There are 2 protein chains.
Amino acid sequence: MRNMIASTESSSFLPQISQHSPFPPKPTQRRNTTSHSKQIKCQKMYVPGFGEASPEAKAAKHLHDFFTYVAVRIVDAQLESYNTEAHAELQEFLETHPVNDGDKFCADLMRESSRHKALALRILEVRSAYCKNDFEWDNLKRLASQMVEERNTTLMRDYLSETILPTENDSS
Amino acid sequence: MRNMIASTESSSFLPQISQHSPFPPKPTQRRNTTSHSKQIKCQKMYVPGFGEASPEAKAAKHLHDFFTYVAVRIVDAQLESYNTEAHAELQEFLETHPVNDGDKFCADLMRESSRHKALALRILEVRSAYCKNDFEWDNLKRLASQMVEERNTTLMRDYLSETILPTENDSS
């Protein structure tokens, strides 16, 4: 997608705007949307620095590792109540193997022993089910959008509360 | 939300399941969905370890910082073409201030000078617009779901390709 966006990087896309107008006029080029194969008309700001990937792909990779972490927590909590032996084995494994890289964690767990392999297979299934069924995608979007607005307001309010600069200087 | 999930943690929720059945029977308790105020019937796995927050809130915080990083890249790319002085100032500031904590970065940038403050305000507006309009939420869900399935398949295929354990041991 980055390439498709990059292909729209033209003089008309990168606008001449004043300090008073933080937002550039939106471009009207067509590009593929990576969420569907068909072409749709959309207006996007050019996002550099993601190589061959896209911001959505980068965020998806972070979420993928996050889902693995969540799946480990889910399985760990389930085992605690009905399989204390497996729970102890998973706890012991967690002490020496970080979950930062979810796939590496699962690959290592799978190769520890046949019992650990059963745990790894469950974690793989749980992260898939969690991603598909349990994770509240609409809620993620709502919370992230709300957070941006709230943090923006807080940042500006905190600044204004401590500054004595006259408004005329704000756009200098 | 975590509290609401935690309230469903009961003996009926944490099941007695066999090693051959990685997934517990789904609970049928009602809980509020945090994506809407109205109550809906849903079935969720209990996710521990998020304190007062929820997995969605945790993921939203990560996305919030990610959107700030993207907004900085967008503004930097725009400035490069039409305001080389401001671009140089932002580049210089970036050399000494990490964007890991997006809000702290913006707060520091806002207090550097009145010119830096104009950049900070633009970054705040761009991250808001990017989150609302440009970020492809459906694509994020599609890519993350696809990634989980592909990585699960790869992990199991890689393991099977190097193991000679008989199937009987898989569930031990």
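Residues numbered from 1 in each chain as written. Chains lettered and ligands numbered in written order. Predicted model: local features only at pLDDT ≥ 70, side-chain atom pairs only at ≥ 80, totals over all residues. Heavy atoms only, no water.

A. Quick look at the overall build of chain A. Each helix and strand counted, chain A has 6 helices and 2 strands in total. Going through the 172 residues of chain A one by one, you find that 49% of them count as buried. At a minimum sequence separation of 6, the contacts of chain A that also span at least 24 residues come to 53%. Counting every atom, chain A has about 8300 Å² of accessible surface; 50% of that belongs to carbon and sulfur. (Helix = DSSP H or I, 4+ residues; strand = E, 2+ residues; numbered from the N terminus. Buried < 20%, exposed > 50% of the residue type's maximum accessible area, 1.4 Å probe, protein only. Contact = heavy atoms within 4.5 Å. Areas by Shrake-Rupley, 256 points an atom, 1.4 Å probe, with all protein chains shown as cover.)

B. Geometry of the domain arrangement of chain A. According to the domain assignment, chain A contains domain 1 (57-134) and domain 2 (137-163). Computed from C-alpha coordinates alone, the two centres of domain 1 of chain A and domain 2 of chain A are separated by 33 Å. (Domains from an automatic or database assignment.)

C. Region of interest: the pattern of salt bridges. Summed over all chains, the structure comprises 18 salt bridges over all chains. Measuring nitrogen to oxygen at the nearest pair gives 3.9 Å for the salt bridge that ties Glu136 of chain B to Lys44 of chain A. Of this pair, Glu136 of chain B sits in the loop between helix H5 (114-134) and helix H6 (137-162) while Lys44 of chain A sits in the loop between strand E2 (39-41) and helix H2 (55-82), on two different chains. The exposure class assigned to Glu136 of chain B is buried, which follows from its relative accessible area of 8%. Through salt bridges with shared partners, one network takes in Glu85, Glu89 and Arg115 of chain A. (Salt bridge = Lys/Arg side-chain N within 4 Å of Asp/Glu carboxyl O.)

D. The nonpolar core, seen in detail. Judged by nonpolar contacts, the single largest core of 80 residues is most densely connected at Phe67 and Leu140 of chain A together with Phe67 and Leu140 of chain B. Non-local contacts of Leu140 of chain A, meaning those with residues more than four positions away in its chain, are made with Leu63 and Phe135 of chain A together with Glu56, Ala59, Ala60, Leu63, Trp137 and Leu140 of chain B. (Core = buried A, V, L, I, M, F, W, Y, C linked by side-chain atoms within 4.5 Å.)

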